[in-house]
Amino acid sequence: MNPGWILPLVLVLPALFAGAGLLVPSQRAALRLITFGTLAGAAVAVAAAALALSRAGELTSLGAWLMVDALSAYHLLVMAAVFSLSGLYARSYFAADAESGELSLRTARRFTALWFSSMAAMHLVLVSNNLGLMWVGIEATTLVTAFLICIHGTATSLEAMWKYLLMCSVGVALAFMGTLLVAASTHGSGVEGASALLWTELRDAATRLNPKLLKTGFLFLVIGYGTKAGLAPMHNWLPDAHSQAPAPVSAIFSGFLLNAALYCILRTLPLVEALPGNSGWGREILIAFGLISILVAAVFIIAQHDLKRLLAYSSVEHLGIVALGVGLGGLGHVAALFHILNNSVSKSVGFFCAGSIGHLAGTHDMRKINRVTALSRVWGLGLVGSLLAIIGAAPFALFLSEFLILYTAIQQGHTFIAAAFLAGLALVFVGALRHLISIAWEPLDGPVEPHRGTLLEGAIVFVPLTALLVLGVWVPAPFWSLLERAARVLGGAS
Amino acid sequence: MTLPVDTILVIVILTGFLILGTARLITAIRLSAIQGVCIGLLPVAASGGGTSVRVLLLGLAIVILKGVVFPRLLRRAIRESRTSGEMQPYVGITASVITGILALVAAFWLDARMDFLPDSHGLVAPTAFFTIITGLFLIVARKLAITQVIGYLILENGIYVFGLAIALEVPVIVELGVLLDMFVAVFVMGIAIFRINREFNHMDSDQLRNLKG
């Protein structure tokens, strides 16, 4: 039997859960569905990724409209990790609201349906071989996640939602122009009609594509999808949306939604790079956007007082680091892919802890949050750990991937790039460490009853953090070869 | 059969100018509906005598969506938000129209520069560029959230014309997906406007500025 059958299932299963979410009888049932449905959806995605990786080429389905190769398989795995953790966390985050009746049944149903819709849309982005369908998926994620931001319905969350909706819709509309241009570059290359949007066809014909059209298209794609990926200077919506959304949603925003948009840019890069005599052109653009993002984020992190906004700007920084690594190429490709996992995991945990600490302290203002470990052992320690990981302290895996990218830059003789990168990292480190010290060690005003975490809460905080620690000192060989295989797709090999 | 295509394109450009020049919301919505209908008719007119069922059906879907459904959604958003019905521009009407003229010049210049486009028709690409610039301008130059939605619709119209300019055979499923996304986008924006209005008692995106830094 053709194992391609699993790819439609990756899309259909979350869509079914979304429908079921509208019919759940109670808030508790909704939370249960979120937890187990997310795990089931993630399991199917992992199975699809494993099937694709067990083969030499790519796994295709539905007339090559759906396709999973090493690059998308890797992204599916990262997404499965982020979603599983967030699904488990959502249960603990909303449990109190559900008990007290603050979370109405209508809101719970809507949240469940939108949650699974966004999962289905992101899966569509990753398994689609058709660039048009990929675009449809990205636009769909914008629309379904918009209401996830303002599920609490406060004035500021509405403001954040409007900015997000408008900026990303306009950005993604420009990406559609880019998609059209990329498809148009097949004129006269022997790729027929409707298959001009299929990535595998474009890759096979890459050397015969029209360079001007493809390059113009790539620019539009970088600007358009870059808006959604939060690359500076198109990032304005990001800190608002990420800080106003409920924490489980912030986690999937920062942990994966940004990566899904960046993934679309990564898909097009090998096409541009394969143009004869154009090697390096597309990568230089990514380096520029990467460095701008890192430096802009660094400045805002220093001046930041809101914990969740700090994490949001840190996402701008880390997506910039990924873009920089991809732009450098070679070992940079591997390191950038490694960094995607590291950032997604640490950022998700960071948002879990920030959300719960915010609940306990009643504020996200870091000047008013003190002694987080006394407020809650689990969330406090988790917050300190994840912040240390996020700012790149050794021996967390983020240190390793950042170091590898820096090493690549120096080895290739890009002294200026390396210096700017290092300056950005240092600014973030110092700026965030200052906040970290104040929230971790400044004494509390009065005695507090410490929050007692459950075993599950401990697990979703400490298991990922431990994994990051382990990956920082020892990278298992199969994992490294997976990274190298995905990097080969980025480098243009079939 | 080049005459109807040219006529339709000229109407698209004219409606663009009129939207830039109007001070009334309801007129802007009507004009965007006219432009939407023209956009839907374009591929049918361009295919001349050999119109396929696929082109006809897609054209019909676009005409219904952009000519009937979107204007209705927008009109409802206005009714429920008790606005004065004025556009409330940051950039005045005269300046907007002058911007429009500059945009048209820029559009023809861009078309001349981008000689690598497999342009099937002389006016198609300039119309696309002009409409895209108009849409982006409306989004940044008008205060009300609802005019930003109109700007977004104009931008999408421009991108659709651009798709015709590069003469590409987009598969039906992708076209439908794009249309569905657009429909949901306008729908979601409509609900968002309603909720913003309920919460703030206004729908000035100008006053949405509590989140900074």
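Conventions we followed
- Residues numbered from 1 in each chain as written.
- Chains lettered and ligands numbered in written order.
- Predicted model: local features only at pLDDT ≥ 70, side-chain atom pairs only at ≥ 80, totals over all residues.
- Heavy atoms only, no water.
- Helix = DSSP H or I, 4+ residues; strand = E, 2+ residues; numbered from the N terminus.
- Contact = heavy atoms within 4.5 Å.
- Disulfide = S-S within 2.5 Å.
- Buried < 20%, exposed > 50% of the residue type's maximum accessible area, 1.4 Å probe, protein only.
- Buried area = accessible area lost by both parts, 1.4 Å probe.
- Salt bridge = Lys/Arg side-chain N within 4 Å of Asp/Glu carboxyl O.
- Nonpolar A, V, L, I, M, F, W, Y, C, P; charged D, E, K, R; others polar.
- Domains from an automatic or database assignment.
- Expected span 1.5 Å × (residues − 1).
- Arc of directions from axis to C-beta.

## Re the overall build of chain A
Then step 1. For chain A, the helix and strand inventory stands at 19 helices and two strands.
Then step 2. For chain A, the spread of C-alpha atoms along the three principal axes comes to 75 × 55 × 40 Å.
Then step 3. Partitioning the intrachain contacts of chain A with sequence separation of at least 6 by distance along the chain shows that 81% fall at a separation of at least 24.

## Digging into the state of the cysteines
Two cysteines, two sulfur atoms, one covalent bond between them: this is a disulfide.
Residues and elements named next belong to chain A.
Then step 1. Under the criterion given, the structure shown has zero disulfides over all chains.
Then step 2. This cysteine, Cys 150, is not joined by any disulfide, and Cys 168 carries the nearest cysteine sulfur, 14 Å off.
Then step 3. The class for Cys 150 is buried, based on a relative accessible area of 1%.

## Looking at the interface of chain B and chain A
Often, the extent of an interface is quoted as the loss of accessible area upon association of its parts.
Then step 1. Each partner contributes residues to the interface: chain B has 47 residues there, and chain A has 48 residues.
Then step 2. Each partner contributes to the roughly 4000 Å² buried at the junction of chain B and chain A, and carbon and sulfur atoms together form 78% of this total.
Then step 3. Joining chain B to chain A, the criterion identifies zero salt bridges.
Then step 4. Of all the elements in the fold, those that place two or more residues in the side of chain B that touches chain A are α5 (124-141), α6 (145-165) and α7 (172-200) of chain B.
Then step 5. Among the elements that take part in the side of chain B that touches chain A, α7 of chain B stands out by supplying 16 residues, more than any other.
Then step 6. Broken down by class, the residue content of the side of chain B that touches chain A amounts to 33 nonpolar, six polar and eight charged.

## Looking at the domain arrangement of chain A
Residue and element names in this part refer to chain A.
Then step 1. For chain A, the domain assignment lists domain 1 (1-129), domain 2 (134-279) and domain 3 (286-494).
Then step 2. On a C-alpha basis, the centroid separation for the pair domain 1 and domain 2 is 20 Å.
Then step 3. Facing the 31 residues of domain 1 at the interface are 31 residues of domain 2.
Then step 4. Carbon and sulfur atoms supply 78% of the area that domain 1 and domain 2 bury against each other, a total of about 2700 Å² over both sides.
Then step 5. Among the salt bridges present, the one from Arg 203 reaches Glu 58, with a minimum N-O distance of 3.4 Å.
Then step 6. Every element with two or more residues in the side of domain 1 that touches domain 2 is listed here: α3 (70-100) and α4 (105-127).
Then step 7. Per element, the largest residue contribution to the side of domain 1 that touches domain 2 is 13 residues, and it comes from α3.

## With respect to the side chain of Thr 15 of chain B
Then step 1. With respect to the helices and strands, Thr 15 of chain B occurs in helix α1 (residues 3-21).
Then step 2. In this structure, Thr 15 of chain B is in contact with Leu 31, Ile 34 and Gln 35 of chain B, ignoring residues within four places of it in sequence.

## Focus on helix α19 (residues 477-490) of chain A
Residue and element names in this part refer to chain A.
Then step 1. Between the first and last C-alpha of α19 there are 20 Å, a value that for 14 residues agrees with the 20 Å anticipated at 1.5 Å per step.
Then step 2. Residues of α19 that are buried: Phe 479, Leu 482, Leu 483, Ala 486, Ala 487, Val 489 and Leu 490. In a view along the axis of α19, the buried residues occupy a sector of 150 degrees, so they form one face of it. Exposed and facing more than 90 degrees away from the buried side of α19 are Ala 477 and Pro 478.
Then step 3. Remark: Gly 492 follows α19 within two positions and exhibits a positive phi of approximately 105 degrees.

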